[in-house]
Amino acid sequence: MSFTDKKTKADIALKYFHKPPVYYNCAQAIFKAFQEENKISNDDINEFSKYGNGKAKDGNCGAYQVGLELLKDKPELAQEFITRFKENSEYISCFDIKFNYTMSCVNLVRMASNLLEELTTSSSKT
């Protein structure tokens, strides 16, 4: 594989987001993209099926909620994720994002995956 063929976490997440054979929701697709390095089981990914379509904690966007889950042991990175997610999407509530048309679900999956990859890659280098 050449350098230009390297898949990003967003590429991986979007490969699974609402696509056959499993039709993962936003949270599951991102969780799947980060499965290997976080030792996430398929059962854990299946648990996140309840986080789609605005059903995450407090009505949060599933892409946002899974970011908090992946960064739960890294409070500084979690805060940076929260700040940057809000800067990009304006809202964290699935309803508010959809109602105000601030960003599509596909773009939320891409943005959250990119943020998580950037934050976790930069933190592992320090």
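Trainee: How do you make sense of unusual backbone geometry when you look at a structure like this?
Mentor: Peptide bonds are trans in most cases, and residues, glycine excluded, mostly fall at negative phi. The omega angle of the peptide bond from Pro20 to Pro21 is 10°, so this bond is cis rather than trans. Take Pro21: it is sitting in the loop between α1 (9-16) and α2 (26-33). One non-glycine residue, Tyr101, lies in positive phi territory at about 50°. For Tyr101, the position within the fold is in the loop between α7 (94-99) and α8 (105-125).

Trainee: Is there a simple way to think about the pattern of salt bridges in this case?
Mentor: Between side chains of opposite charge, a pair can form when the charged atoms approach closely. Under the definition given, this model contains 5 salt bridges. Put simply, Lys50 and Glu47 hold a salt bridge, and the shortest N to O gap is 2.9 Å. In this structure, the salt-bridge partner of Glu118 is Arg84, at a minimum N-O distance of 3.0 Å. With a gap of 34 residues between them, Glu118 in helix α8 and Arg84 in helix α6 (residues 75-89) connect regions that are remote in the sequence. In this structure, a network of salt bridges that share partners links the residues Glu80, Arg84 and Glu118.

Trainee: Teacher, can you tell me more about the packing of helix α5 (residues 62-70) against α6 here?
Mentor: The description of two packed helices rests on the angle between their axes and on the distance between the axes. Relative to each other, α5 and α6 sit at 165°, their axes nearing to 9 Å. Classified by the angle between their axes, α5 and α6 sit roughly antiparallel to one another. Relative to α6, α5 is oriented so that their crossing is right-handed. Counted together, Ala63, Tyr64, Gly67 and Leu68 of α5 and Phe81, Ile82 and Phe85 of α6 form the full contact between these two elements. Residues of the contact of α5 with α6, tallied by class, amount to 6 nonpolar, 1 polar and no charged.

Trainee: Please explain the packing of aromatic side chains as it appears in this structure.
Mentor: Remark: the centre distance and the inter-plane angle together describe each pair of aromatic rings, the angle taken between the planes. As enumerated under the stated definition, the model contains 7 aromatic pairs in all. The interplanar angle of 45° and the centroid separation of 5.7 Å between the aromatic rings of Phe81 and Phe85 together place this pair among those described as tilted. Of this pair, Phe81 and Phe85 both sit in helix α6, separated by 4 residues, roughly a single helical turn. You can call Phe81 buried: its relative accessible area is 0%. Assessed through its relative accessible area of 0%, Phe85 is described here as buried. Note that Lys9 overlies the ring of Phe34, its terminal NZ or CZ placed 5.4 Å from the centroid.

Trainee: When you look at the side chain of Gln35 in this model, what are you seeing that I'm missing?
Mentor: Mapped onto the secondary structure, Gln35 falls in helix α3 (residues 35-38). Look at Gln35 and you get buried, because its relative accessible area is 16%. Only 3.0 Å separates the side chain of Gln35 from the side chain of Lys32, close enough to count as a polar contact. One polar contact links the side chain of Gln35 to the main-chain carbonyl oxygen of Ile40, over a distance of 2.9 Å. Sequence-distant contacts of Gln35, defined by excluding residues within four places in its chain, comprise Ile40, Ser41, Asn42 and Ile45.

Cut-offs and rules
Residues numbered from 1 in each chain as written. Predicted model: local features only at pLDDT ≥ 70, side-chain atom pairs only at ≥ 80, totals over all residues. Heavy atoms only, no water. Helix = DSSP H or I, 4+ residues; strand = E, 2+ residues; numbered from the N terminus. Salt bridge = Lys/Arg side-chain N within 4 Å of Asp/Glu carboxyl O. Axes fitted to C-alpha atoms, helices over the stretch in contact; angles between N-to-C directions. Parallel < 35°, antiparallel > 145°, perpendicular 65-115°, else oblique. Left-handed = near helix turned anticlockwise from the far one by under 90°. Contact = heavy atoms within 4.5 Å. Nonpolar A, V, L, I, M, F, W, Y, C, P; charged D, E, K, R; others polar. Phe/Tyr/Trp six-rings, centres within 6.5 Å; stacked < 30°, edge-to-face > 60°. Buried < 20%, exposed > 50% of the residue type's maximum accessible area, 1.4 Å probe, protein only. Lys NZ or Arg CZ within 6 Å of the ring centre and 35° of its normal. Polar contact = N/O pair within 3.5 Å; in protein donor to acceptor, adjacent residues only side chain to side chain.

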